[in-house]
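# Understanding the architecture of this molecule
Given next are the chains, with one letter for each unit.
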Amino acid sequence: MKDWWKEAIFYEIYMPSFCDGNGDGIGDFKGIASKLAYLKELDIDAIWLTPFYKSPKIDNGYDISDYYSIDADYGTMYDFQVFLDQAHQRGIKVIADLVLNHTSSLHPWFLESRESRTSPKRDWYIWKDKVEGHQPNNWESYFGGSAWEYDEKTAQYYYHAFAKEQVDLNWYNPEVKNAMFDVIRFWLDKGIDGFRLDVINFLGIDPTLQNNPYDEEGKQIHLHDKDLPIAFEIVEELRTLVNKYEDKVLVGEVGTEEFEIAKTYAGQDKLDLIFNFNLGSIQKFEVKRIFDELKKMEKENQGLYLPTLFFSSHDMPRHITRLVDQDTEQTRAQMLCTLMLTATGVPFLYYGEEIGMTDLYVDDISEMRDVQGILTYQRMIAEGNSVIEALEASNMCSRDKSRSPIQWNDTVYAGFSQIKPWICVNENYTKINVECQSREVDSMLQYYKNMIRIRKKYKALYKGNYELLDRRNDVLFFIRKYKEQRIGVFFNFGIKQDTLHLESLSI
Ligand code: NOJ
């Protein structure tokens, strides 16, 4: 079906944490393939896989050292192909996560680039001289500290928006673009159904290297290191390239919570979808904020724009922990599920949310896996903080929280693996797991399945427009309409019962 993604429900799988098929404690293609029946029963339409290419995994695959091969932890190219074919046989599409902004520092391109100032690959990355004995400017890495790393061998700095092992490519160099476009063709030729494009608005930096400003709290505003005209140009070229294939989708991770910026990357000649962090990363369960964001997105929807609907991902705390408290756990989580599956947009579920998985906290730094958490710990210790303070701060920002193995059952390691997994299993696996929720009629899993069933039954819910989107005090509601079909959905964000008279709504 053309534009299949408009009606699809996506499901994000964090590669190492879904199912270990070969007994090494790390999720892999064989494992995921063995769970396709589960995903089919849940009735999702497309899987987004986090990066599976060869990688030293400083940032768990977002540091690719070979774009043409499968990381041995996840299996072989054959395993990938078997998984892809089996998914397709079941009518499930698969999109791959692609990191175009940076490569691993162990990628042969970078190894060649750092060899000498005259290396043919020197200009594939961003190298700059010292300025008055220091870094070329004040730009900070998203993982903290300077975004410039000094390389003794050639006495220059290189630029990295993330960890120093994730080196930014120079997208002003056409050779870089050609090399990456070859990568894209390679995976499309293998039959992948599209891409989730990592930090796509980071391609290219301001060549004048102006310093970034700071906000009142002293936090750097990333003004000159992203959203440059070149990022838009590349997005358009990507579109042209991908349009040569049939029915492929491009989903952009546009690193911003500002809807006004994010939406500019989406459209007919650009990306099909962008992640709406303006709604997805809200920190509070708050009717006003959710309503305002839905409204903003609705306005844009008059054109071709379709929002994405999600509240969790591998980069943020799980929303059941972030937005829900113990007393309201079940109800709020169900409300958010309903919202994602009935509001206008494309839902992106995150593995494990369908059983209400909660955040993982580690009590020893040796168990922390996320680079962001580890770097924070090291910085805190270097600044003289205690182990407890450093651990607390690193747990706060660590993305391990949402990356623990999915809890399949109550056997050891939650049925994810036979041996100790690469990351801790959440202790609550004996209570929260797929197997027991499959048996209970009023479990979260059954709720998700029912909501998915309802969404798929009514065209108004996956094709319709809002006839009305409004709010009265704590009650947010909308009516979606497709031809003769109209469906109204009402959400009471308050703690008290409320009554709404349909006659009072201007319909
Ligand atoms: C965004 C990804 O989602 C995140 O996990 C990663 O650390 C950064 N991009 C850098 O690639």
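Residues numbered from 1 in each chain as written. Predicted model: local features only at pLDDT ≥ 70, side-chain atom pairs only at ≥ 80, totals over all residues. Heavy atoms only, no water.

This part covers the packing of helix α11 (residues 329-342) against helix α15 (residues 444-457). α15 packs onto α11 with a crossing angle of 25° between their chain directions and a minimal axis gap of 10 Å. By the angle class used here, α11 and α15 are roughly parallel. Note that α11 runs across α15; the crossing there is right-handed. Contacts between α11 and α15 involve Gln-330, Ala-333, Gln-334, Cys-337, Thr-338, Met-340, Leu-341 and Thr-342 from the former and Met-444, Tyr-447, Tyr-448, Met-451, Ile-452 and Arg-455 from the latter. Here the residues of the contact of α11 with α15 sort into nine nonpolar, four polar and one charged. (Axes fitted to C-alpha atoms, helices over the stretch in contact; angles between N-to-C directions. Helix = DSSP H or I, 4+ residues; strand = E, 2+ residues; numbered from the N terminus. Parallel < 35°, antiparallel > 145°, perpendicular 65-115°, else oblique. Left-handed = near helix turned anticlockwise from the far one by under 90°. Contact = heavy atoms within 4.5 Å. Nonpolar A, V, L, I, M, F, W, Y, C, P; charged D, E, K, R; others polar.)

Taking 1.5 Å per residue, 14 residues should reach 20 Å; α15 reaches 20 Å between its end C-alpha atoms and fits that length. Three or more residues of α15 are buried, namely Met-444, Leu-445, Gln-446, Tyr-448, Lys-449, Met-451, Ile-452 and Arg-455. (Expected span 1.5 Å × (residues − 1). Buried < 20%, exposed > 50% of the residue type's maximum accessible area, 1.4 Å probe, protein only.)

Once that is clear, we can look at α11. Compared with the 20 Å implied by 1.5 Å per residue over 14 residues, the 20 Å span of α11 between its first and last C-alpha is a close match. Buried residues dominate α11, accounting for 11 of its 14 residues. Turning to α11, its buried residues number three or more, namely Arg-332, Ala-333, Gln-334, Met-335, Leu-336, Cys-337, Thr-338, Leu-339, Met-340, Leu-341 and Thr-342.

Close contact between helix α5 (residues 174-189) and helix α6 (residues 229-242) brings their axes to 11 Å; oriented N to C, the two are set at 35°. Seen along the crossing, α5 lies across α6 with a hand that is right-handed. The segment α5 lies against α6, with Lys-177, Phe-181, Ile-184, Arg-185 and Leu-188 engaging Ile-234, Glu-237, Leu-238, Leu-241 and Val-242. A class-by-class count of the residues in the contact of α5 with α6 yields seven nonpolar, no polar and three charged.

Let us look at the domain arrangement of the protein chain. Looking at the protein chain, the domain boundaries give domain 1 (4-103 + 174-359 + 404-459), domain 2 (108-168), domain 3 (363-397) and domain 4 (465-504). Each of domain 1 and domain 2 was reduced to a C-alpha centroid, and the two centroids are 29 Å apart. Buried surface at the junction of domain 1 and domain 2, both sides included, amounts to about 2100 Å², of which 60% is carbon and sulfur. Where domain 1 packs against domain 2, one counts 14 residue pairs in polar contact (both at pLDDT 80 or more). Looking at the side of domain 1 that touches domain 2, the elements that each hand over two or more residues are β6 (102-104) and α5. With four residues, α5 is the single largest residue contributor to the side of domain 1 that touches domain 2. Grouping the constituent residues of the side of domain 1 that touches domain 2 by class yields 11 nonpolar, 10 polar and six charged. (Domains from an automatic or database assignment. Buried area = accessible area lost by both parts, 1.4 Å probe. Polar contact = N/O pair within 3.5 Å; in protein donor to acceptor, adjacent residues only side chain to side chain.)

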